[in-house]
Amino acid sequence: VQLVESGGGLVQPGGSLRLSCAASRFTFSTYDMSWYRQAPGKERELVAVISSAGGSTNYADSVKGRFTISRDNAKNTVYLQMNSLKPEDTAVYYCNAKRVLRATIWGQGTQVTVSS
């Protein structure tokens, strides 16, 4: 089983990035998918979650109205569109797959740095 994130990088405040997470070797469409982030010296926090069929989403208060999570089950990929980025969004962003009675799956993370 594998999750591979991509799309991170350096962006100026107010800019945008789109993260992708490609899944392989498990039944992607049956898992709820999430994005987490971890800033230096802080605990990992949940950013956004999307249900297995994509019909339900939830966001951390700190990113509501700026970030959008989506998924394409035909491509086994989940996305995080991040707009109006702030320096406090700087973190390593991790993709996560969860399903009842299955082990949680984590990606290796992708660095997002928001700085002028």
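Rules of the game
- Residues numbered from 1 in each chain as written.
- Predicted model: local features only at pLDDT ≥ 70, side-chain atom pairs only at ≥ 80, totals over all residues.
- Heavy atoms only, no water.
- Helix = DSSP H or I, 4+ residues; strand = E, 2+ residues; numbered from the N terminus.
- Contact = heavy atoms within 4.5 Å.
- Salt bridge = Lys/Arg side-chain N within 4 Å of Asp/Glu carboxyl O.
- Polar contact = N/O pair within 3.5 Å; in protein donor to acceptor, adjacent residues only side chain to side chain.

Some thoughts on the environment of asparagine 73
Okay, step 1: Within the secondary structure layout, asparagine 73 lies in the loop between strand S7 (67-72) and strand S8 (77-82).
Okay, step 2: Not counting residues up to four positions away in its chain, the partners in contact with asparagine 73 are Phe28, Ser29, Ser52 and Ala53.

Looking at the pattern of salt bridges
Okay, step 1: Using the criterion set out here, one finds 4 salt bridges in the structure.
Okay, step 2: A salt bridge links arginine 37 to glutamate 45, with the shortest nitrogen-to-oxygen separation between them at 2.6 Å.
Okay, step 3: Overlapping salt bridges, with partners in common, bring together Arg37, Glu45, Arg66 and Asp89 in one network.

Examining the side chain of threonine 110
Okay, step 1: By the secondary structure assignment, threonine 110 is in strand S11 (residues 110-114).
Okay, step 2: From its side chain, threonine 110 meets the backbone nitrogen of glycine 8 in a polar contact 3.3 Å long.
Okay, step 3: Setting aside chain neighbours within four positions, we find threonine 110 in contact with Glu5, Ser6, Gly7, Gly8, Leu19, Ala91, Val92 and Tyr93.

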